[in-house]
Amino acid sequence: MDLHTASRLQSVVASSNSGVTSSCVQATGKAVAVKSQNLGAKFSSISGKSLNNTVAITSRRLKCNAEGRTTGLKLQAELNQYSSSTQTVRKTGPADPNAVSLKGKFQLSRLIGPAGSPPSIEFPVFQKNVAFTLVSTLVDGEGKLKLSARTQLEESWKALDLEDGSYVISFSVPRDFGEPGALLVDSSNSEEFYLQSLTLNSPDSSTEYEFACNSYINQKKPTSTPKIDNQISDTDRIFFTNKVYLPSDTPPGLQKLRTLEMEHLRGDGTGERQVADRIYDYDVYNDLGIVGVAERPTLGGPERPYPRRCRTGRKIDPESGMEVLPPTGAKSYIPRDEDWNGSKTKDFNTDGLIGLRATLLPILREKFDETPDDFDTFKEVYNLYNKGLDIFPKSPALQPSEKDIEAVHNFLESHLYKATGGVPNGNFDVIQYPIPQLLQDDPFAWTNDEEFARQALAGPNPSVIRRAQFPPTSELPEEVYGPATALTAEHIEPYLSSHGKMLTASEAQSAKRLFTIDYRDIYLPYVTKISTQTITKSKRRIYAPRVIFFLTDDNKLKPVAIELSLPPQEGQKGSYNRVFTPPKEENDFSFTWSLAKFHFSSVNFGFHGLISHWLKTHAVMEPFLIATNRQLSAMHPISVLLSPCWTNTMRINANARSTLINAAPIGSLESSFTPGRYNMEMNSVAYDKLWRFDKIALPEDLLDRGMAEPDCNEPGGVKLVFEDYPFAKDALDVWNTTKEYVSNYVNLFYSCDEQVREDVELEAWWKEIREVGHGDKKDEPWWPSCQTKESLVDILATILWIGISHSPVNFGQYAYGGFTLNYPPLTRELIPEPNTREYKEMLFNFERYVLKTTASPQQAVTIMTTMMVLSNHAETEEYIGSRNETNWTSDPAVKAVFEKYADQVREIARKIEERNADSQLQNRRGALETPGYTLMYPTSGRGVTGKGVPWSISI
C-alpha cells in the first residue's frame, strides 16, 4: 500500500480523547463503535508522534447493515500492512535525518492577458516574487500547522519545458511531515498568472500527490494579516490536493484552511468587485437596462420573482434602482476563476457574443439603415445561404473605418468561419451563411404540416408539448379574459382518423392521442402591452396561441387546430379567440392556416429562447453554482462531482446580460423578438408560474406533462406514452445513466442517511440555495429535503440534468432557427379578417404578405448570426462521460465509478445511432434524411454540429 492509499484510510479515522460511537445507527437502534488504540499507534509511523487517543472509524468505511457487521477488521489489517511498508521507506530516505525532499512540477500558463499576447513575466522576476509552501494534513505537538520551507521555483528560465509549460520545484519537509494536503501561494508579482497544477512525488517516487489548481494568481494586497496561528496570511492563496473529505473527516492540518478558503470565497457582501476578486455573492437582476435611457424593472423580489445572479457591487442609481453599467465593451464582473483560463484563450468561446455586439452588429445596423426595405421574395431569404450578404454599406458616408473593418474580419474568422469550414470564396466582406440542417434535404420543409408537428418532439424546444385536455382550460380569470377557449369538438373531429374510422374528441383524448402546446395564459396578459410598445422602428403584433396535435396510427403527430387569442377589444366582453384548422385535402393550401402556423412558430421560438433556454437552464443554474462555491469546500466530494457542470456558465450568463437579454438596441433579443421590452418581465412570470425544482428531473417532467406514465419495470420508473418521441427516448437514457453514476458516487462517501444529515457544509449549501439563490420560492412546499442518501442523489442528479438539458435547447438553434421563415423571431402583422383590404392584399401576394409579417432583414440577420454563434461547440468542450483533466481525482474507487459511467455513455451513443438508422422511427428524421435526431448524442467535434452534450451551460 502506498502513502496515497494509506492517507485515504487515515482520512476515515477521527481522533478523540476517548472511544467514540459512530453516528450511523442500525435499524435495531444499536450503535456501531470501534475502539482503536492499536490503529492510532499504527499511524505513528506516518506522523512521527504517537496517537494514543481513541479514534472512530467513520461511516464511509463502516458499511452499516442489518446484521451490524463492519469492515473495521479489514481496515485494521490494511493499516498494519501499511505500517510495515512505511517503516521500510523511512529507512531508505535521505541522509539528513531531519528532512526529506518532495520534488514536483508546476504547470503554469504563459499566456498573460489577451489571447496570443507574449508572456509579460520574466522568469527571474517571477522566481523572486512568487513563493510556495506545502502544508501537511497533520499538526504538530502544539496543534499548529506543519509547513514546508518557503520555496521558489528551481533553476532558471532554461529549466522551463517549453512544450508543456512545466517548472521544476523541490520542497524540503521534516521527516515526520506526513502527507502533503495543501499548497500556499504567496505572490508579490505585479502580473497575474494562471496556475494549472502541481504534481509532487514522494521521496521514493512511489506516490504522486496531485493539486488541480486551475486558478488565476494575482498580486496580494499590501496589507497582510496573519490568519492561522501567525503562520498564514489572509492573502495567501490556498489549494488542496485532489483528495476529498467530508467535513467531519477533514485531517487536522487542513481544518482551519478549509474554513479560511471558504471565507475568502464568500466575502463580506460589501464593496464593488474588482477583476481579480474571487468572491461569490448574490444579487437581483437590476442590470438589464440603461439608466435614464432604457430603464427596465428589477427582477428578483416579491413583485417580480427571479433567481439570483452574481453580485458585482456596482453603483446603484437611487431613482431607478438599476446598476450603473460599465462602459460599452467592458466585461461584467464574475469571480476570476469563472473566466476563461490561459489554456483556452485561443479557442472559440463565449466572448463571441461580445465580439458580435462590438463588431458585426453595428455594421449591419448601418447597412440596413441605408436599405431598410423588407425582403420582397422568399428567394431573397434563400440567397443569404446561396449568395451571401454584403456586410458593409455602399454609401461612402456610412463606410466604417479600416480599424472597424479589420475587427469585423477578425470576428468572422475567429467565431463564424472556423465553425463552418472556412471563408466562402475568400471574401471577408460577404457573410455567406451555412445552409441550416432543416433545409439541406428539402428547402421547403418548413411549410409542411408534418414537419411543423415533428419539431414539437425533436426540434429545439422539445419539452413543452404535453398531453391535451380537451377542451382546453385556463387559469386566467374569466370575468376579465372571457371563456378559456373557442375550440370545440367540431373543429378537430374531421381530422381524427384511426384505422379507417373517425374518432370523437373524447375518444381521442381517452386513447391518449391528443397533445398540445399552450402559451395562452402566459402571453395573453401581455398582448396589448407588446403591441403598443415603442421600441426601435419596428411595430410588433402578437397572439396568445395554442395548438392541438393528433397522434396518427403510424405514431406521427399532425396539427389539427391552432387557436390564436387576443385580449378583450373595445366594446367586447372577453378575449377574441380565432380558431384555424388545416385544409381537409392533403394537397390543398390555406393562406390563413399557413399564417396561423407562422404566428404560433414565432411565439414558440420566443418562448424557447427566453424561457426553455435562458430561464430554465442559464438563469436557474447560477444560484446553484454560487452556493456550491460559498458553502462546499473544494475538497468536498459533492463539490468535485458538480464541478464540470459549472464551466463557463457565469461568463456566458454575464455576457448574455450585456448583449442578449438586456435593453435594446444593444440587447439583440429585445430588438428582434416580438415581446421586446417585456421579454424579461414575462421571464419573471414564467419563473413564478412554471418553475419547480421537483419537476425538473426528466421522469418527473414527463409525468407532469402526461408524456409518460409510471412503470416500475422501466428504467427511470416511467414509460413513454408513445415510443417515437426522439428527445425523450434519448434523454431518458442519459438521465438514467447519469443518476446511476451519481448514486454510485454518493455511496462512496455516505454509507447511511445519518452521515448526510450530519454534513454541515451540505446542510448550509442546500439551505442557501432554497432561501437565498432561489429565495423568492423559499416557502414553496415542493422543495425536497436533503436528509437522506436517496434525497441527496435526487437533488444532485437534478442539478446535473439542468446543465445537460441545455444541449437539446441550444445546439439545434441554428439548424431550425437559422432559417427565419421556420422560426420567425418577430411578427409585425396579425392575420387579416375576411373581406378587408389586408385580406385582399394577402390573397393577391401571399409571399409578400408573409415577409411583411415577419422580421425585417436586419432583425432576421441579427438573430441568424446570434443563433450561429450560440450553436457552436468549442474545441475544448467537456462532454458527459469525459473529463478534460486527468488529475481531477486520484481516488481509484472514484475512477472506477466514472469509467463505468463513461462506458455507459458510449453505449448511449451507439443506441442513438441504431435508432437513427431505424426507418420505422420516422419522427427522428422527418425533413432531415440524415443524420436523424442527434441533439442528445453525447459527443461532438468543434463547430455547428447539431449534436454533443456538454456537462455545463458553456455557451
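Residues numbered from 1 in each chain as written. Predicted model: local features only at pLDDT ≥ 70, side-chain atom pairs only at ≥ 80, totals over all residues. Heavy atoms only, no water.

- An unreviewed UniProt entry lists the protein under the name Lipoxygenase, from Marchantia polymorpha subsp. ruderalis.
- Quoted verbatim from the Sequence similarities (unreviewed entry) heading of the UniProt record, the comment on the protein is "Belongs to the lipoxygenase family." (UniProt positions renumbered as here; feature names shortened; annotations may be inferred.)

A short note on the side chain of threonine 827
Step number 1: Note that threonine 827 resides in the loop between helix H28 (813-817) and helix H29 (837-844).
Step number 2: Since its relative accessible area comes to 1%, threonine 827 is described here as buried.
Step number 3: Separated by 2.6 Å, the side chain of threonine 827 and the backbone oxygen of arginine 541 make a polar contact.
Step number 4: Discounting chain neighbours no more than four positions away, the residues touching threonine 827 are Lys539, Arg540, Arg541, Ile542, His599, Ser602, Thr674 and Thr853. (Helix = DSSP H or I, 4+ residues; strand = E, 2+ residues; numbered from the N terminus. Buried < 20%, exposed > 50% of the residue type's maximum accessible area, 1.4 Å probe, protein only. Polar contact = N/O pair within 3.5 Å; in protein donor to acceptor, adjacent residues only side chain to side chain. Contact = heavy atoms within 4.5 Å.)

So, helix H19 (residues 649-659)
Step number 1: For H19, a buried count of 11 out of 11 residues is recorded, marking the element as mostly surrounded by other parts of the structure.
Step number 2: For H19, the set of buried residues is Thr649, Met650, Arg651, Ile652, Asn653, Ala654, Asn655, Ala656, Arg657, Ser658 and Thr659.

Some remarks on the pattern of salt bridges
Step number 1: Throughout the structure, instances matching the rule amount to 57 salt bridges.
Step number 2: The closest approach of N and O atoms between lysine 556 and aspartate 554, which form a salt bridge, is 3.8 Å.
Step number 3: Using a relative accessible area of 12% as the deciding quantity, one classes lysine 556 as buried.
Step number 4: Assessed through its relative accessible area of 38%, aspartate 554 is described here as partly exposed.
Step number 5: Notably, a salt bridge pairs arginine 757 with glutamate 754, separated by 3.1 Å at the nearest N-O pair. Highlighted residues: arginine 757 and glutamate 754, both in helix H24 (residues 753-757), separated by three residues, approximately one helical turn.
Step number 6: According to the relative accessible area criterion, glutamate 754 is partly exposed, its value standing at 26%.
Step number 7: Look at the salt bridges and you will find they share partners, linking Asp283, Asp287, Arg309, Arg314, Glu323, Glu622 and Arg657 into a network. (Salt bridge = Lys/Arg side-chain N within 4 Å of Asp/Glu carboxyl O.)

Description of the sheet that holds strand S9 (residues 180-187)
Step number 1: Pairing in this open sheet of four strands is antiparallel, and the strands run S7-S6-S9-S14 from one edge to the other. Of all the strands in the sheet, just strand S7 (145-147) and strand S14 (237-240) have a single pairing partner and so form its edges. Taken pair by pair, the neighbouring strands of this sheet meet at an average axis angle of 30°, ignoring direction.
Step number 2: Direction of pairing for strand S6 (residues 130-139) relative to S7: antiparallel, over a ladder of two bridges. (Pairing = 2+ DSSP bridges. Axes fitted to C-alpha atoms, helices over the stretch in contact; angles between N-to-C directions.)

With respect to the nonpolar core
Step number 1: Grouped together as the largest cluster of nonpolar side chains are 179 residues, with contacts concentrated most on Ile465, Phe549, Phe693, Tyr725 and Trp765.
Step number 2: It is helix H17 (residues 591-631) that provides the largest number of residues to this core, a total of 19 residues.
Step number 3: Look past the residues within four positions of tryptophan 765 in its chain and what remains in contact with it is Phe624, Ala627, Thr628, Gln631, Leu632, Leu642, Ile795, Leu796 and Ile799.
Step number 4: Counting 26 residues, the second largest nonpolar core, distinct from the first, contains Phe123, Val173, Phe177 and Phe193. (Core = buried A, V, L, I, M, F, W, Y, C linked by side-chain atoms within 4.5 Å.)

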